[in-house]
Amino acid sequence: MVNEIKNKESSNLIAHIPKDSYTICLDLNGKEYSSEKLASHIDDLTLKTSSITFIIGGSLGLNSEILNISNENICFSKLTFTHQMIRLFLLEQLFRSFKIINGESYHK
């Protein structure tokens, strides 16, 4: 049952990924970044691609298919958060990244 749900969610997510988008899955086993390193990475990516798609799995996580087709998997924390909280954390980190990229003081 769990695998069926994860497979269905992943199929739906895959169907909505824009073509040629750099895809980043948020996953507990992904690479961890500091805010400064994430900002630098985002800055590099924006020079190489016109679209970045972040994928947040459901409460059961993402299946291996979507993790394998993503360009990168990153982890914000080993702690468990609700889907809504992770969306907020992602937005805050993107906001912080662009402040850092622009040399603004939000990150200090």
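Here the structure is a predicted model, which means the values were calculated and not measured. (Residues numbered from 1 in each chain as written. Predicted model: local features only at pLDDT ≥ 70, side-chain atom pairs only at ≥ 80, totals over all residues. Heavy atoms only, no water.)

So, the side chain of S21
Cut-off, in case you're wondering: Only runs of H or I of at least four residues qualify as helices and only runs of E of at least two qualify as strands under DSSP, and these elements are numbered from the N terminus. Buried, partly exposed and exposed residues are distinguished by accessible area as a fraction of the type maximum, computed with a 1.4 Å probe on protein chains only: under 20%, between the cut-offs, and over 50%, respectively. Any pair of nitrogen or oxygen atoms within 3.5 Å is treated as a polar contact; in protein, a donor-acceptor pairing is required on top of that, and neighbouring residues in sequence qualify only through side-chain atoms on both sides. Throughout, a residue-residue contact means that at least one pair of heavy atoms, one from each residue, lies within 4.5 Å.
In this fold, S21 is placed in the loop between α1 (2-15) and β1 (22-31). Judged by relative accessible area, S21 falls into the buried class, the value being 9%. At 3.0 Å, the side chain of S21 forms a polar contact with the side chain of S51. Not counting residues within four places of it along the chain, the set of residues in contact with S21 comprises S51, I52, T53 and N71.

Here's the deal with the environment of G57
Among the structural elements, G57 can be located in the loop between β2 (52-56) and α3 (64-69). Looking at G57, the relative accessible area reads 14%, which means it is buried. Considered as a pair, G57 and L26 are 31 residues apart in the sequence and their alpha carbons are 7.3 Å apart. Excluding residues within four positions of it along the chain, G57 makes contact with L62 and H83.

Details of the packing of helix α2 (residues 35-48) against helix α4 (residues 83-101)
Rule in force here: In this analysis, axes come from line fits to C-alpha atoms, helices being fitted only over the stretch in contact, and the angle between any two N-to-C directions falls in the range 0 to 180 degrees. Any angle that is under 35 degrees is reported as roughly parallel, and any over 145 degrees as roughly antiparallel; angles of 65 to 115 degrees are reported as roughly perpendicular and all others as oblique. Classification used: nonpolar for Ala, Val, Leu, Ile, Met, Phe, Trp, Tyr, Cys and Pro, charged for Asp, Glu, Lys and Arg, polar for all others including Gly.
At their nearest, the axes of α2 and α4 sit 8 Å apart, and the two run at 75° to each other. Taken together, the axes of α2 and α4 lie roughly perpendicular to each other. Together, S35, E36, L38, A39, I42 and D43 of α2 and Q93, L94, R96, S97, F98, I100 and I101 of α4 make up the contact between the two elements. Broken down by class, the residue content of the contact of α2 with α4 amounts to seven nonpolar, three polar and three charged.

What to know about the pattern of salt bridges
Operational definition: Note on definitions: salt bridges are taken to be side-chain nitrogens of Lys or Arg within 4 Å of carboxyl oxygens of Asp or Glu.
This structure, assessed with the given rule, holds two salt bridges. With its nearest N and O atoms 2.8 Å apart, the salt bridge here joins E92 to R96. Of this pair, E92 and R96 both sit in helix α4, four residues apart, which is roughly one turn of the helix. Residue E92 is classed as partly exposed on the basis of its relative accessible area of 23%.

So yeah, pure geometry; function would need other evidence.
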